[in-house]
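Single-letter residue listing:
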Amino acid sequence: MLRIDDLHVTYGGTRAVAGVTLTVDQGQTVLLIGANGAGKSSLINAVIGLAKISQGKIMFDGHDIGSMSSDARARLGIGYSPEGRRVFASMTVKDNVLAGAVTLNGREQVRSWDKLVASFPFLAERQAQAAGELSGGQQQLVAIARAMSGRPKLLLLDEPFLGLAPVWIQQISIAVRQMQQDGITVLMTEQMARPALKLAHSGHIMRGGLIRRSGAVHEIKGAALAEEYL
Ligand SMILES: Nc1ncnc2c1ncn2[C@@H]1O[C@H](COP(=O)(O)OP(=O)(O)OP(=O)(O)O)[C@@H](O)[C@H]1O
Ligand SMILES: [Mg+2]
């Protein structure tokens with residue numbers, strides 16, 4: 001479904017991603033583990049079109065997307081939840097969530113909202129409240145619900161657990177499992193290896209813009225947990 005080939009992302013003199021090749025198969029959840037500055041966000045941002053590729057190729061669903069606009073990539077079926085619970089603070093919870101569903105028609109939007117509310121009742125309870133007034137965990141869930149609301153084929157989650165209490169890590173894990181049940185393919189990054197490993201099928205350990213180790217979850221678990229404390 002997603003095929004990244006020899007990807008390079010450079011900012012000025014910084015080589016954030018220095019030649020990464022990986023694939024994410026349909027229905028799989030793939031984890032990118034790495035400490036601060038490993039290049040995880042740069043890779044995710046390159047896939048959604050927020051970071052410019054300096055070399056390499058990104059294929060999604062048979063399309064060469066590397067030079068497409070972010071909008072065009074979203075329309076092809078890529079959803080994205082950015083690092084750091086970015087919500088539109090002054091917009092309501094409902095408008096935040098539906099901002100991810102602009103490519104759907106009105107009826108599909110209603111269906112998408114109803115489905116998300118069935119899983120996360122707090123979205124309905126707080127729908128008219130400004131998203132900036134929510135707790136950190138709630139905001140992160142709104143950001144993920146926004147990414148889910150467009151019913152993407154591939155979901156990019158950049159550090160969904162960052163800075164969250166265990167109760168919210170659990171809620172977000174439930175959201176990810178639901179997406180998996182719906183057949184959504186997931187590429188997620190995390191520094192917190194422990195909860196992330198429970199969700200993934202396979203993973204890659206990144207450091208210094210490169211993949212240092214790859215494998216099924218049971219194969220990389222030890223190395224991933226060691227990386228967590230770097
Ligand atoms: N917009 C930018 N301009 C310049 N340098 C950047 C930019 N974004 C990231 N970098 C640099 O690229 C490298 C990789 O950063 P990146 O954000 O991709 O890492 P990360 O693995 O997501 O880290 P974290 O876990 O802290 O989010 C770092 O050296 C970082 O300082
Ligand atoms: Mg990051």
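Below you will find a few notes about this structure.

### Some points on the coordination of the magnesium ion (ligand 2)
For a metal with four donors in a tetrahedral arrangement, the ideal angle between donors is 109.5 degrees, while six donors in an octahedron ideally sit at 90 or 180 degrees. Around the magnesium ion (ligand 2), the protein contributes the donor atoms S41 (OG) and E83 (OE), which lie 1.9 to 2.0 Å from the metal centre. Taken as a pair, S41 in helix α1 (residues 40-48) and E83 in the loop between β6 (78-81) and α3 (93-98) lie far apart in primary sequence, 42 residues in all. Note on E83: relative accessible area 27%, which makes it partly exposed.

### What to know about the site of ligand 1
Residues in contact with ligand 1 amount to 14 residues; listed here are only the nearest, N36, K40, S42, E83 and E159. Between an oxygen atom of ligand 1 and a side-chain N or O atom of S41, the distance comes to 2.8 Å. Between ligand 1 and the protein, one listed contact pairs an oxygen atom with a side-chain N or O atom of E159 at 2.7 Å. Isolated, ligand 1 exposes 630 Å² of accessible area, and the fraction of that covered by the protein chains is 62%. Of all the secondary-structure elements, those providing two or more residues to the shell around ligand 1 are β2 (14-24) and α1. The greatest single-element share of the shell around ligand 1, amounting to three residues, is contributed by α1. The residue inventory of the shell around ligand 1, partitioned by class, reads four nonpolar, seven polar and three charged.

### Section: the pattern of salt bridges
Counted under the stated rule, the structure contains three salt bridges. One salt bridge in this structure joins K153 and D61, with 2.8 Å as the shortest N-O distance. Placement of K153 in the loop between α6 (136-149) and β7 (154-158) and of D61 in the loop between β4 (55-60) and β5 (63-64) is noted, with a sequence separation of 92 residues between them. K115 is paired through a salt bridge with D182; the nearest N and O atoms lie 2.5 Å apart. Here the residue K115 occupies a position in helix α4 (residues 106-119), and D182 occupies one in the loop between α7 (166-181) and β8 (185-190), the gap between them amounting to 67 residues. Residue classification places K115 among the partly exposed residues on the basis of a relative accessible area of 41%.

Definitions and limits used
Residues numbered from 1 in each chain as written. Chains lettered and ligands numbered in written order. Predicted model: local features only at pLDDT ≥ 70, side-chain atom pairs only at ≥ 80, totals over all residues. Heavy atoms only, no water. Donors = N, O, S within 2.8 Å, 3.2 Å for Na, K, Ca; no water. Helix = DSSP H or I, 4+ residues; strand = E, 2+ residues; numbered from the N terminus. Buried < 20%, exposed > 50% of the residue type's maximum accessible area, 1.4 Å probe, protein only. Near = heavy atom within 4 Å. Polar contact = N/O pair within 3.5 Å; in protein donor to acceptor, adjacent residues only side chain to side chain. Areas by Shrake-Rupley, 256 points an atom, 1.4 Å probe, with all protein chains shown as cover. Nonpolar A, V, L, I, M, F, W, Y, C, P; charged D, E, K, R; others polar. Salt bridge = Lys/Arg side-chain N within 4 Å of Asp/Glu carboxyl O.

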